[in-house]
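# Structure at a glance
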Amino acid sequence: MKVRIYQPSKTAMQSGRAKTHRWLLEYEIETPRRPEPLMGWISSGDTLNQVRLRFETKDEAIAFAEKKGWDYTVQDAAVRRVRPRNYADNFRMDRPRI
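This write-up is about the structure you can find in this document. Everything numeric here is computed off the predicted structure, so don't read it as measured data. (Residues numbered from 1 in each chain as written. Predicted model: local features only at pLDDT ≥ 70, side-chain atom pairs only at ≥ 80, totals over all residues. Heavy atoms only, no water.)

## Points about the packing of aromatic side chains
- Per the counting criterion, the structure on display carries four aromatic pairs.
- Consider the rings of Tyr27 and Trp70, whose centres lie 5.3 Å apart with planes at 70°: the pair is edge-to-face. Separated by 43 residues along the polypeptide, Tyr27 in strand E2 (residues 23-27) and Trp70 in the loop between helix H1 (58-68) and strand E6 (71-75) bring together distant segments of the chain.
- Between Phe64 and Trp70 the ring centres are 5.8 Å apart and the planes differ by 75°, which places this aromatic pair in the edge-to-face class.
- A relative accessible area of 17% means that Trp70 is categorised as buried.
- Members of the aromatic cluster, joined through ring pairs, are Tyr27, Phe55, Phe64 and Trp70.
- A cation over an aromatic ring shows up here: Arg4 above the ring of Tyr6, its NZ or CZ 4.2 Å from the ring centre. (Phe/Tyr/Trp six-rings, centres within 6.5 Å; stacked < 30°, edge-to-face > 60°. Helix = DSSP H or I, 4+ residues; strand = E, 2+ residues; numbered from the N terminus. Buried < 20%, exposed > 50% of the residue type's maximum accessible area, 1.4 Å probe, protein only. Lys NZ or Arg CZ within 6 Å of the ring centre and 35° of its normal.)

Okay, here's the thing in structure tokens:
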């Protein structure tokens, strides 16, 4: 069985970084997804794609996958680059005009 271990990014509805510090373990999809003929929803015959296991650290998630004998891939989170900004910079005289 293949699993993916990653840190989730924040959703578009979040302004803060809550719920992004834990690590998730998700099962890879083994059956193809297809639309339901009646409603048009996307379905799959595999119910494991609904399971998400949460861990405090990446090492805990890796140890769990190795204990179960699963193949895993780890996706490290992208480094967040914060550019410092000042409100006063909006009124500088030497800033480029658009």
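## A few points about the side chain of Thr20
- Position of Thr20 among the secondary structure elements: in the loop between strand E1 (2-6) and E2.
- For Thr20, a relative accessible area of 6% puts it in the buried group.
- Only 2.6 Å separates the side chain of Thr20 from the backbone oxygen of Arg17, close enough to count as a polar contact.
- Those residues in contact with Thr20 that lie beyond four places of it in its chain are Gln7, Pro8, Ser9, Lys10 and Gln14. (Polar contact = N/O pair within 3.5 Å; in protein donor to acceptor, adjacent residues only side chain to side chain. Contact = heavy atoms within 4.5 Å.)

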